[in-house]
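Analysis of the macromolecular model
Residues per chain are reported as follows:
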Amino acid sequence: MATPSRKAIGAGAGQRVSVLLPLPLESAYDYRLPPALVAGPGHFVEVPLGGRVVLGVIWDEAPGADHVAEGRLREVIAVKPAPPMRPTLRQLVDWIAAYTLSPPGAVLRMAMSAPAALEAPTQASGWQRVAGAAARITPDRAKALAALGDEILPGTEIARLAGVSLGVVRGLASVGLIEPALMPRAAAFPRPRPDFAPPLLRPEQEEAASALREAVAARSFGVTLLEGVTGSGKTEVYLDAIAETLRQGRQALVLLPEIALSTQWLARFEGRFGAPPALWHSELSSRTRRVTWRAVAEGDAPVLVGARSALFLPFPDLGLIVVDEEHETAFKQEEGVIYHARDMAVVRARLERATCVLVSATPSLESVANVEAGRYRRLGLPVRHGGAAMPEITAVDLRQKPPERGRFLAPPLIAAVTETLARGEQAMLFLNRRGYAPLTLCRACGHRMQCPNCTAWLVEHRAQRRLLCHHCGHTAPTPPACPECGAEHSLVPIGPGVERIQEEVAELFPEARRLVMASDTIPGPAAAAAAAQQIEDREVDLIIGTQIVAKGWHFPHLTLVGVVDADLGLGGGDLRAGERTMQLLHQVAGRAGREDKPGRVMLQSFSPEHPVMQALIRDDFPGFLKAEAAQREPGHWPPYGRLAALIISSEDARAAERGARELGLAAPVGEGLQVLGPAPAPLALLRGRYRHRLLLKAARGVKVQPVLVDWLARVQLPREVRVQVDVDPVGFL
Ligand code: ADP
Ligand code: ZN
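The following paragraphs examine the structure supplied in this document. (Residues numbered from 1 in each chain as written. Chains lettered and ligands numbered in written order. Predicted model: local features only at pLDDT ≥ 70, side-chain atom pairs only at ≥ 80, totals over all residues. Heavy atoms only, no water.)

1. Concerning the site of ligand 1
Around ligand 1 sit 17 residues in total, of which Leu 200, Gly 231, Lys 234, Thr 235 and Arg 268 are the nearest. Gln 205 is positioned such that a nitrogen or oxygen atom in its side chain is 2.9 Å from a nitrogen atom of ligand 1. Here Glu 236 contributes a side-chain N or O atom positioned 3.3 Å from an oxygen atom of ligand 1. The protein chains hide 77% of the 560 Å² of surface that ligand 1 would expose on its own. With 3 residues, the top contributor of residues to the shell around ligand 1 is helix 7 (residues 234-247). Its residues assigned to classes, the shell around ligand 1 shows 4 nonpolar, 8 polar and 5 charged. (Near = heavy atom within 4 Å. Polar contact = N/O pair within 3.5 Å; in protein donor to acceptor, adjacent residues only side chain to side chain. Areas by Shrake-Rupley, 256 points an atom, 1.4 Å probe, with all protein chains shown as cover. Helix = DSSP H or I, 4+ residues; strand = E, 2+ residues; numbered from the N terminus. Nonpolar A, V, L, I, M, F, W, Y, C, P; charged D, E, K, R; others polar.)

Okay, here's the thing in C-alpha cells:
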C-alpha cells in the first residue's frame, strides 16, 4: 500500500504523524494530527491507545511504517504546553535503543520521567496598580498602594506590608485602582556565579583547567580523562570548567555515583558558586521532579548534578558533562534498559557538541585504552593538594598474624587503632558487607540459611533480629531453632559484616565513640549529612563502614584506614575482579591523611603477594594497569575486544534451561566471534527466576548488535522465557 506523503493529505484530513510512546513497543505508531492542532517532531502529545489516553512524543520516523490505513488512524488528542524534545535528545534515545537492543519506547520512558512537568506551569496571581486610575483614597488605601508600588503582589502580602486589613485591598480593587495580574514566576534555581569564590589553582591545576576552559569555549565535542590521586584537586579543576560553561551561557551536567551521599560535594559547590546546583535522583519529591525537569527544559537550571538518570533530562544547550568517579560500576544500569551512563554521557556530549570530562583517581581500563588510541585526551594531576602526602599502605598477613579465634581484627591493626585513638585522631574500619554475618549455619546438621528466591545466603541483621536477602529483599525473623533438624540454639554466624565488627570494636575500645556507615544505617542525604558533620566535629572516633565510606568524603582528622578483608572482592573469577578491588581499595585508602597529619592504611589479607595488594602497597597504579592489559589483550577481553551477555530466565527451571540450550545451538559463527556457554548463571536463581548465561565475545572491530539481532531472530522462545541483552557487561552474575 502506498502511504500518502504529508503534503498529499488535504488540510481537512489532518496530517499523519509518527508518535513514539514510552512503552516497550518496537516502533512508533501513526496518528492523525487534526487541523486544529499544530505540532511537529519533538512535541509531547496525548494520544489514544486501546481504551487509554497516553503521552508520547512526535518522532522523526517517517509515518506510514505501521501500515495503518488512513481511514483507521486515530487522532492526536492534545499537544502539551511544554518545550518540545530536542533533536539531540531524540537522537540519543534512538542511539541507545539501537546500541542496547532495547525498544526505543523503553528508552524514551527514561526521558519522560516527570510527566507532570509537561503541563503548563501554574502561575499564581496577584494585584498590580491600574495606571492612570483615580478614585477616593483613604489613608489605609494610600498605605496599601505605597506598599504595592510597581510590583505584582498577592493581596495578603500587600495587606501585611502595609499593615492594613485584606478588606482595604478588596476596596482598592472594587474602585478600580488595582487589577488582577499573573505573578512573575520565581526562578526555580538561582544562577550559580562563575566568579563567586574561585580558589587560586596550583600551576598544574591551572594547566589542566585552562585546557578544559578552552575545550568548553570551543563549543565542539571532545572527551578528556582527568586523572589524579585522591585529594589532588581534580574537583576544583572541573568546577572551573563549569564556571567557563556558565560564562558561555550553556548548561553543565555532573554525574556522581552516589548523589544521595554527596552532601560535602554540594556544600563545596555552593561555597564556590554562591548558589546550589539543581539535583536529580530517584529520591526527589514529585513536586521537585516536576519543577526541576521544567527548569532544565527551559534553560533555567544552569548546573545540574545527578545520578545516571540525569543523562536523559531535556537540556536545551548542554555545554559540559562531567562524570566523576568514571570507573564506578554504579553508572551501569543493570535492569530494564541495560546501559552504562559513562559511555552514554560520551554519546550525548557528541550529539550536543559538548565537552565531556571523565574524572577518576583509578580510571577504567576502557578509558585508558581510549586515551591510548587517541580518542580521549588525558590531563593529569600528579600530587595531593597542599602537600598532603599519600597515605602509607601496608599489608597485614593474616596467615602470620591471625586475629583471635572468632575475631576479625588482627593484632597489628588493633595496635594501630589504639595508637591513632591515643593521639586523638580518627580511624576507619572498612568492610564491604552490610549486616552482622553473611552466612548463618546450623552447628548440629550443617544446614545453611538460604534465600528461597535466590542462589544466595541470607544475611543476618542482628539489630533487627532478622535474616535478609541482599538480592531480592526477602526477610524473615532469625529462627530460634534450625529449620532443618530442629536443634535449638544451634545457628551460628559465619564471617563478619560491619555490625559484627562494630561489636568487636565495642569490646576492644569501649571508650571510643563509634559510627556505623552502611546503606541501611545511613539511608539518605539527611543522614549522610549528619554523619559527615559528626565526623568533622570530632564527635566520632571510629567509623565502621561499607563502600559508602569510600566515596569522595574529606575528613580532616581521619588518619588510619583499616581494610578488614582486602581479599573480599577478588573471589568469583570475574573479569574485572582485580580492577574493581584495586579501584575500591584505592578509594578507601584515599580517605586517610587528607590534611597535614600523615595517613596510613592497613590491608588485612591472606595473600599480600597478590598483584592488586602489591600495586596498592607500592602505589603503582600504572603498573597494575599494564599487568591487567597484558592479561586481557591476548584473549581479546575488553577493552581489547567486545562482549555481550544474554541472560535467559524463567520461573520454570526447565524452560529456562531449554531456552538457553536452543540459543546456544543457534549461536553465531564467524570471523572474530566466539560464544561461551550456555551455563547456569552464578546467581542461578534470582527473585524466583532460574537463570542461564551466554557470552558473545567479538574482536574489537566487530559490531555486535547486528550479530545479536540476527541470533535472537533465529530462535523462537516460549513467552515465559525472558532474554535480557547486556552489551558491554560489567557484572557477570
Ligand atoms: P580530588 O577531587 O582530586 O579528590 P579535591 O578537588 O577534592 O581533590 O581537593 C582536595 C582538597 O584540597 C579539597 O579540600 C579542596 O578543597 C582542596 N583544594 C584543591 N585545590 C585547591 C586549591 N587550588 N586551593 C585551595 N584548596 C584546594
Ligand atoms: Zn533473595
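That shown, we press on.
2. A few points about helix 19 (residues 704-713)
Buried residues of helix 19: Val 704, Gln 705, Val 707, Leu 708 and Trp 711, and no others. Buried residues of helix 19, seen end-on, are gathered within an arc of 160 degrees and therefore sit on one face of the element. Tucked into the core, helix 19 has its buried residues touching helix 1 (87-100), strand 28 (641-650), helix 18 (653-665), strand 29 (673-686), strand 30 (689-699) and strand 31 (722-727). (Buried < 20%, exposed > 50% of the residue type's maximum accessible area, 1.4 Å probe, protein only. Arc of directions from axis to C-beta. Contact = heavy atoms within 4.5 Å.)

3. Section: the pairing of strand 27 (residues 600-605)
Most of strand 27 sits out of view: 5 of its 6 residues are buried. Sheet topology note: the strand 17 (residues 392-397)/strand 27 ladder contains 6 bridges and is parallel. Within strand 27, the residue paired with Ala 395 across the bridge is Leu 603. Where strand 26 (residues 558-563) and strand 27 come together, 4 bridges link them in parallel fashion. Looking at strand 27, one finds that Leu 560 is bridged to Arg 600. Between the parallel elements strand 26 and strand 27, the chain passes through helix 15 (residues 577-589) in a crossover that is right-handed. (Pairing = 2+ DSSP bridges. Right-handed = clockwise from strand over helix to strand, strands pointing away.)

4. What to know about helix 10 (residues 341-352)
Under the 1.5 Å per step criterion, the end-to-end length of helix 10 is 16 Å for 12 residues, consistent within 8% with the ideal 16 Å. Of all 12 residues making up helix 10, 10 are buried, and the element is well covered by its neighbours. Taken as a whole, helix 10 has its buried residues at Ala 341, Arg 342, Met 344, Ala 345, Val 346, Val 347, Arg 348, Ala 349, Leu 351 and Glu 352. (Expected span 1.5 Å × (residues − 1).)

5. Digging into the coordination of the zinc ion (ligand 2)
Taken together, the protein ligands of the zinc ion (ligand 2) are Cys 451 (SG), Cys 454 (SG), Cys 469 (SG) and Cys 472 (SG), with distances of 2.2 to 2.4 Å. With 4 donor atoms in place around the zinc ion (ligand 2) and angles of 103 to 114 degrees between them, the coordination shape is tetrahedral. Of note, the zinc ion (ligand 2) draws all its donor residues from one chain, in the sequence arrangement C-x2-C-x14-C-x2-C. Taken together, the residues span a long stretch of sequence, with Cys 451 in the loop between strand 19 (439-442) and strand 20 (459-461) and Cys 469 in the loop between strand 21 (466-468) and strand 22 (475-477) at a distance of 18 residues. Cys 451 gets classed as buried once you look at its relative accessible area, which sits at 4%. Using a relative accessible area of 2% as the deciding quantity, one classes Cys 469 as buried. (Donors = N, O, S within 2.8 Å, 3.2 Å for Na, K, Ca; no water. Tetrahedral: all angles 85-135°; square planar, octahedral: opposite > 155°, others 65-115°.)

6. Here's the deal with the nonpolar core
In this structure, Leu 253, Leu 255, Trp 293, Leu 304, Phe 312 and Leu 708 are the most contacted members of the largest nonpolar core, which totals 79 residues. It is helix 10 that contributes the most residues to this core, 7 residues altogether. The contacts of Trp 293, once residues within four sequence positions are left out, are Phe 44, Ala 111, Ser 113, Ala 114, Ala 117, Leu 118, Trp 280, Leu 313 and Pro 314. Residues Val 368, Trp 553, Val 561 and Ala 592 belong to the second largest nonpolar core, which totals 40 residues. (Core = buried A, V, L, I, M, F, W, Y, C linked by side-chain atoms within 4.5 Å.)

7. Observations concerning the sheet that holds strand 22
Across the sheet, 3 strands lie side by side as 20-21-22; this open sheet has antiparallel pairing. The two strands at the open ends of the sheet, each matched to only one other strand, are strand 20 and strand 22. Within this sheet the neighbouring strands show an average axis-to-axis angle of 30 degrees, counted without direction. Both strand 20 and strand 21 contribute to a ladder of 3 bridges, which runs antiparallel. Opposite His 461, over in strand 21, you have Arg 466 as the bridge partner. (Axes fitted to C-alpha atoms, helices over the stretch in contact; angles between N-to-C directions.)

8. Topic: the side chain of Thr 440
Here Thr 440 lies in strand 19. Judged by relative accessible area, which is 3%, Thr 440 ranks as buried. Apart from residues no more than four positions distant in its own chain, Thr 440 is found in contact with His 447, Arg 448, Met 449, Leu 458, Glu 460, Leu 467, Leu 491 and Val 492.

9. Quick word on empty space enclosed by the protein
By the definition in use, this model includes 2 cavities of 30 Å³ or more. Considering only enclosed or pocket space, the largest cavity measures out at about 90 Å³ in volume. Taken together, Met 390, Pro 391, Ile 393, Met 582, His 586, Ala 589, Gly 590, Ala 615, Leu 616, Asp 619, Asp 620 and Phe 621 form the lining of the largest cavity. Put simply, the parts of the chain that give the lining of the largest cavity at least two residues each are helix 15 and helix 16 (611-617). Here the lining of the largest cavity gets 3 residues from one element, more than from any other, and that element is helix 15. Of the residues that constitute the lining of the largest cavity, the class distribution is 8 nonpolar, 2 polar and 2 charged. What the second largest cavity holds in volume is close to 40 Å³. Together, Tyr 99, Thr 100, Lys 332, Ile 338, Tyr 339, His 340, Asp 343, Met 344, Val 727 and Asp 728 line the second largest cavity. (1 Å grid on protein atoms, 1.4 Å probe; cavity = no way out; pocket = protein on both sides within 12 Å on 5 of 7 lines; lining within 4 Å. Points joined across faces, edges and corners; volume = space filled by probe spheres on them.)

10. Here we look at the sheet that holds strand 17
Overall, parallel pairing links the 6 strands, which are arranged 17-27-26-18-25-24 in an open sheet. Two strands bound the open sheet, and with one partner strand each, they are strand 17 and strand 24 (514-517). Going across the sheet, the axis of each strand differs from the next one's by a mean of 20 degrees, ignoring polarity. Relative to strand 27, helix 12 (residues 411-422) is tilted by about 160 degrees, and along the sheet it contacts strand 17, strand 18 (426-430), strand 25 (542-545), strand 26 and strand 27.

11. Considering the layout of surface pockets
Roughly 950 Å³ of internal volume is contained in the second largest pocket. Forming the boundary of the second largest pocket are 37 residues, of which Tyr 99, Asp 343, Asn 370, Arg 700 and Asp 728 lie nearest the centre. Within the residue set of the lining of the second largest pocket, elements represented by two or more residues are helix 1, helix 10, helix 11 (365-372), helix 15 and strand 28. For the lining of the second largest pocket, the element with the most residues is helix 10, which contributes 6 residues. Class assignment for the residues of the lining of the second largest pocket results in 14 nonpolar, 10 polar and 13 charged.

12. Some remarks on the pattern of salt bridges
Tallied over the entire structure, the rule returns 36 salt bridges. As a salt-bridge pair, Arg 16 and Asp 30 come within 2.7 Å of each other at their nearest N and O atoms. Of the two residues, Arg 16 sits in strand 1 (residues 15-20) while Asp 30 sits in strand 2 (residues 29-33), which places them 14 residues apart along the sequence. Here the two residues Arg 16 and Asp 30 agree in accessibility, since each one is buried. The shortest N-O distance in the salt bridge between Glu 157 and Arg 160 comes to 3.0 Å. Placement of both Glu 157 and Arg 160 in helix 4 (residues 155-162) is noted, with a separation of 3 residues, approximately one turn of the helix. Taking relative accessible area as the criterion, Glu 157 reaches 27% and is therefore assigned partly exposed. (Salt bridge = Lys/Arg side-chain N within 4 Å of Asp/Glu carboxyl O.)

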